[in-house]
Amino acid sequence: MAHGRITGWATHLPERRLTNHDLAEMVETTDEWIRERSGIGARHVDGKVTEMSTAAGRDALAMAGVDPADVDLLLLATCTSDQQFPASASVVQDNLGMSCGAIDMNAACSGFVYGLVTAMQFSAGGVDRILLIGSDALSGITDWTDRGTCVLFGDGAGAVVIERSADTPTLLGWDLMSDGSAAGILSCEHGGKIFMNGKEVFRRAVLAVEKAGRNALKRAGMNIDDIALVVPHQANIRIIDAALKRLDIPLEKAAMVLERTGNTSAASIPLALVDALNNDRVAPGDLVLMVGFGAGMSSAAAVIRWDPPRA
Ligand code: UT7
């Protein structure tokens, strides 16, 4: 039986870049405060989910050598669809010339890992080629007068192609969770702006990352020491540091793009994953732990064994 395997990847960031110094001219803040409290130096803004997703999806398909017309399913993880409906996935599907099912999935910042776990189940069920995209444009729902939130968020997209061509499973373990009782601490009403109780999100995020990571590893039958690379949701360096300490994983094992992207929600894990892949940080057979958390409160983790695309 064939299994799903990542065979192509790409990312896209919108052109407009805002540095911390730019933000210091908009609200009462400093580059030092933002770097020290979050680890962020710059972010890209003014993105559109359909445009960013189309660009990342097109490049990922080209890398995999897959004709868009041959894609069997498009999964787009986003919480900032360009419009209420139709799904942004339908627009992207048409932009790329695909003829297949297309859905948006909303698990906020955990969306890409939710999508990856879902895609792998479709692969196991016989679906040959899947395009999975994580894309968000948080700049459109950010209150640019609120220094407590506007310094954190940015826009971007990351895409992977999943083909049913591996001899053994590449997804070894996973964990998906939602705690809707905490939904009020991070939310955005239709037509509104992001509301966040930062301290409470921080506290819960550290615990959620640890729990999701441990659960996924347990399901995979693997130990912490087996992990070669962790790809954490890029929200705050202090959250990543605290969670990895609890997991007993050195920070050097983490893929990081936070400093130059900010928190890009569903795009954050694929942006960091692609950066690690492009910098040869993953060798064949390596175990990679992806772990995200976000509004919901949602959390998600996946342990994959890296089975690189064949030349
Ligand atoms: O995908 C999930 C999305 N969300 C998150 O991951 C966010 C999780 N939370 C966090 O990352 C952190 O809580 C923040 C970065 C948002 C805030 O860091 P903190 O260490 O929790 O700071 P704080 O909220 O306790 O604020 C400390 C001080 C306050 O001033 P006072 O009351 O001590 O005088 C704030 O008013 O810092 C002030 N402050 C700022 N100062 C300069 C808040 N934002 C800023 C700012 N620049 N941008």
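Thresholds, definitions, all that
- Residues numbered from 1 in each chain as written.
- Predicted model: local features only at pLDDT ≥ 70, side-chain atom pairs only at ≥ 80, totals over all residues.
- Heavy atoms only, no water.
- Near = heavy atom within 4 Å.
- Polar contact = N/O pair within 3.5 Å; in protein donor to acceptor, adjacent residues only side chain to side chain.
- Helix = DSSP H or I, 4+ residues; strand = E, 2+ residues; numbered from the N terminus.
- Nonpolar A, V, L, I, M, F, W, Y, C, P; charged D, E, K, R; others polar.
- Domains from an automatic or database assignment.
- Buried < 20%, exposed > 50% of the residue type's maximum accessible area, 1.4 Å probe, protein only.
- Pairing = 2+ DSSP bridges.
- Axes fitted to C-alpha atoms, helices over the stretch in contact; angles between N-to-C directions.
- Contact = heavy atoms within 4.5 Å.
- Buried area = accessible area lost by both parts, 1.4 Å probe.
- Salt bridge = Lys/Arg side-chain N within 4 Å of Asp/Glu carboxyl O.

The local shell around the ligand holds 22 residues, among which Thr29, Arg37, Lys199, Asn236 and Asn263 are the closest. Arg147 places a polar main-chain atom, nitrogen or oxygen, 2.9 Å from a nitrogen atom of the ligand. Put simply, the parts of the chain that give the shell around the ligand at least two residues each are α2 (31–38), α6 (147–150), α7 (198–220) and α8 (237–247). Considering each element in turn, the shell around the ligand owes the most residues, four residues, to α7. Class assignment for the residues of the shell around the ligand results in 11 nonpolar, six polar and five charged. If you count residues domain by domain, the shell around the ligand takes at least three from each of domain 1 (3–166) and domain 2 (171–305).

On to the environment of Glu252. Residue placement: Glu252 occurs in the loop between α8 and α9 (258–261). The sequence separation of Glu252 and Val230 amounts to 22 residues, and the corresponding C-alpha distance is 9.2 Å.

What follows deals with the pairing of strand β11 (residues 227–232). The element β11 is extensively covered by neighbouring structure, given that five of its six residues are classed as buried. Sheet analysis places β11 next to strand β12 (residues 287–294), joined by five bridges and oriented parallel. Directly across from Ile227, in β12, lies its bridge partner Leu287.

Further remarks concern the sheet that holds strand β1 (residues 3–12). Backbone-to-backbone hydrogen bonds pair the strands of a sheet. The strands run either parallel or antiparallel. Across the sheet, five strands lie side by side as β1-β7-β6-β4-β5; this open sheet has mixed pairing. A strand with exactly one partner marks an edge of an open sheet, and here the two such strands are β1 and β5 (101–105). Ignoring which end each strand starts from, the neighbouring axes of this sheet average 20° apart. On the sheet, helix α3 (residues 49–64) packs against β1, β4 (73–77), β6 (129–137) and β7 (155–166) and is oriented at approximately 125° with respect to β1.

Moving residue by residue along a regular strand, the side chains alternate between the two faces of the sheet. The buried fraction of strand β13 (residues 298–305) is high, at seven of eight residues. Of the strand pairs in this sheet, strand β8 (residues 171–178) and β13 are connected by seven bridges, and their pairing is antiparallel. Bridge pairing links Ser178 to Ser298 in β13. For β12 and β13, the ladder comprises eight bridges, and the chain directions are antiparallel. Paired with Leu287 across the bridge in β13 is Arg305. Where β12 hands over to β13, the hairpin turn is made up of three residues, of which Gly296 adopts a positive phi near 145°.

So, about the domain arrangement of the protein chain. Assigned domains of the protein chain: these are domain 1 (3–166) and domain 2 (171–305). Taken together, the contact pairs 48 residues of domain 1 with 44 residues of domain 2. With both chains or domains summed, domain 1 and domain 2 bury close to 3500 Å², and 68% of this area falls on carbon and sulfur atoms. For the domain 1 face of the interface with domain 2, the top three residues by lost area are Trp9, Cys109 and Tyr114, together amounting to 17%. Between the two partners, domain 1 and domain 2, sit one salt bridge. With a shortest N-O distance of 2.8 Å, Arg35 and Glu259 are connected by a salt bridge. At the surface where domain 1 touches domain 2, the tally comes to 19 residue pairs in polar contact (both at pLDDT 80 or more). Where the side of domain 1 that touches domain 2 is concerned, the elements lending two or more residues are β1, α2, β3 (42–44), α5 (111–124), β6, α6 and β7.

If you trace the backbone, Asp136 turns up in strand β6. The class of Asp136 is buried, set by a relative accessible area of 0%. Each C-alpha atom, one on Asp136 and one on Asp307, is 28 Å from the other, the two residues being 171 residues apart in sequence. Ignoring anything within four residues of it in the chain, the contact list for Asp136 reads Val49, Met52, Thr78, Cys79, Thr80, Gly154, Asp155, Gly156, Thr264, Ser265, Ala266 and Ala267. Of note is the side chain of Asp136, whose polar atom sits 2.8 Å from the backbone nitrogen of Cys79. Here the side chain of Asp136 touches Ala266 through a polar contact of 3.0 Å, landing on its backbone nitrogen.

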